[in-house]
Every structure is written in C-alpha cells, then in structure tokens.
Amino acid sequence: VQLVESGGGLVQAGGSLRLSCAASGRSLSTYGMGWFRQAAGQKREFVTSMSGTDSKTFYANSVKGRFTISRDQAQNTMTLQMNSLKPEDTDIYYCAAAPFAREWGVREVSYWGKGTLVTVSS
C-alpha cells in the first residue's frame, strides 16, 4: 500500500490549506484513515482520523473546530481541510491508515505516507 500526500505549503496565520491523501495498492475502505503531524525533534502526534466502517471522526483538542477530515472511499482518498491556521500548526503532516474503527495511535499505524510540509507564518 502506498499513501501519497499533497497540498502542503506556506500560508499566513488565519488562512486555510487543504491536504489530500491518495491510497493505492488495495482498498482501505474498512481501515481507519487519519493524519498525524510532527515537528523537528518532536514526537509524531495524532491530529484526526475517520473510521472506514461508520465514518466516526476523532480530533485532537488542538484542532477541534478548525480542521475537518473527510474521505471518499470509492476513490480511496482522504482530505484534511485546515482553517484558521496558527503558527503552531507548522509541521510535517503524515497520512496514515490502521485497521481500527476506534481512535488509534502512532504505534498502531499499518501504513504511512511520506509527509507534506505545512508552514504557517505569523
């Protein structure tokens, strides 16, 4: 399975970006898919995920109300709409998939993308 992210870039604080993740190699319709992020020298942290079975969503408190995850299971794709961006959202964002309907952590991920850089300037 390959996960490929796109859509990262530079944006001013208060602005918006939309990240996409395209999966290939197999259908991930029954997998949870989500996003993690990591700053240099920091641990990779959970951002959001969506179950493949019941579309239940999970969000880190730091992004609730600002970020929205969505999936197109027929196309095997996922998007992350990020609004009201803050400088502290600056990170590399990673697409991930895990065979769970519940919220899951870094160590439970089955597949990772290579990441896309999001930079928010103040």
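Note that the structure is a prediction, hence the values are computed from the model and not measured.

J.: Hey, could you go over the pattern of salt bridges for me, with residue numbers and the actual values?
T.: The final tally for this structure, using the stated rule, is five salt bridges. For E45, the salt bridge goes to R37, with nearest N and O atoms at 2.8 Å. Given a relative accessible area of 37%, E45 falls into the partly exposed group. Of the charged contacts in the structure, one is a salt bridge between D89 and R66, with a shortest N-O distance of 2.7 Å. Here D89 is found in the loop between strand 8 (77–82) and strand 9 (91–98), whereas its partner R66 is found in the loop between strand 6 (57–59) and strand 7 (67–72), with 23 residues between them in sequence. Owing to a relative accessible area of 1%, D89 belongs among the buried residues under this scheme. For R66, a relative accessible area of 10% translates into the label buried. Within this structure, R37, E45, R66, D89 and D91 form a network of salt bridges that share partners.

J.: Break down the side chain of T79 for me, citing the residues and quoting the values.
T.: Mapped onto the secondary structure, T79 falls in strand 8. Ignoring sequence-local partners within four residues, the contact set of T79 consists of R18, L19, S20, W35, T68, I69 and S70.

J.: Any details on the nonpolar core? Residues and values, ideally.
T.: Ranked by size, the top nonpolar core spans 32 residues in total, and within it L3, M33, W35, F67, M82 and Y93 carry the most contacts. Breaking this core down by element, the ones donating at least two residues are strand 3 (17–24), strand 4 (32–38), strand 5 (45–50), strand 7, strand 8, strand 9 and strand 11 (116–121). A total of five residues in this core trace back to one element, the largest contributor, which is strand 9. With near-sequence residues (within four places) excluded, F67 lies in contact with R37, V47, Y59, L80, Q81, M82, N83, L85, D89 and Y93.

J.: Before we move on, can you summarise the packing of aromatic side chains with the specific residues and values?
T.: Considering all chains together, one arrives at five aromatic pairs under this definition. Aromatic side chains F36 and F46 sit 5.7 Å apart centroid to centroid with 80° between the ring planes, which places their arrangement in the edge-to-face category. Residue F36 is located in strand 4, and its partner F46 is located in strand 5; the two are separated by ten residues in the primary sequence. As far as the burial class goes, F36 and F46 line up, both buried. Each ring, one from F36 and one from W104, has its centre 5.7 Å from the other, and the planes form 40°; the classification is tilted. Here W104 lies in the loop between strand 9 and strand 10 (111–112) and F36 lies in strand 4, a separation of 68 residues in the sequence. Like F36, the residue W104 is buried in the burial classification.

J.: So, the side chain of R71: which residues are in play, and what are the values?
T.: Looking at the element boundaries, R71 is found in strand 7. Among buried Asp, Glu, Lys and Arg side chains, R71 stands out as unpaired, with D54 the closest opposite charge at 8.4 Å. Reaching out from R71, the side chain makes a polar contact with the backbone oxygen of Y31 at a distance of 2.7 Å. For R71, the side chain forms a polar contact with the main-chain oxygen of M50, separated by 3.1 Å. Excluding anything up to four places from it in sequence, R71 contacts L28, S29, Y31, G32, M33, M50, S51, G52, T77 and M78.

How each quantity is defined
- Residues numbered from 1 in each chain as written.
- Predicted model: local features only at pLDDT ≥ 70, side-chain atom pairs only at ≥ 80, totals over all residues.
- Heavy atoms only, no water.
- Salt bridge = Lys/Arg side-chain N within 4 Å of Asp/Glu carboxyl O.
- Buried < 20%, exposed > 50% of the residue type's maximum accessible area, 1.4 Å probe, protein only.
- Helix = DSSP H or I, 4+ residues; strand = E, 2+ residues; numbered from the N terminus.
- Contact = heavy atoms within 4.5 Å.
- Core = buried A, V, L, I, M, F, W, Y, C linked by side-chain atoms within 4.5 Å.
- Phe/Tyr/Trp six-rings, centres within 6.5 Å; stacked < 30°, edge-to-face > 60°.
- Lys, Arg positive; Asp, Glu negative; His and termini not counted.
- Polar contact = N/O pair within 3.5 Å; in protein donor to acceptor, adjacent residues only side chain to side chain.

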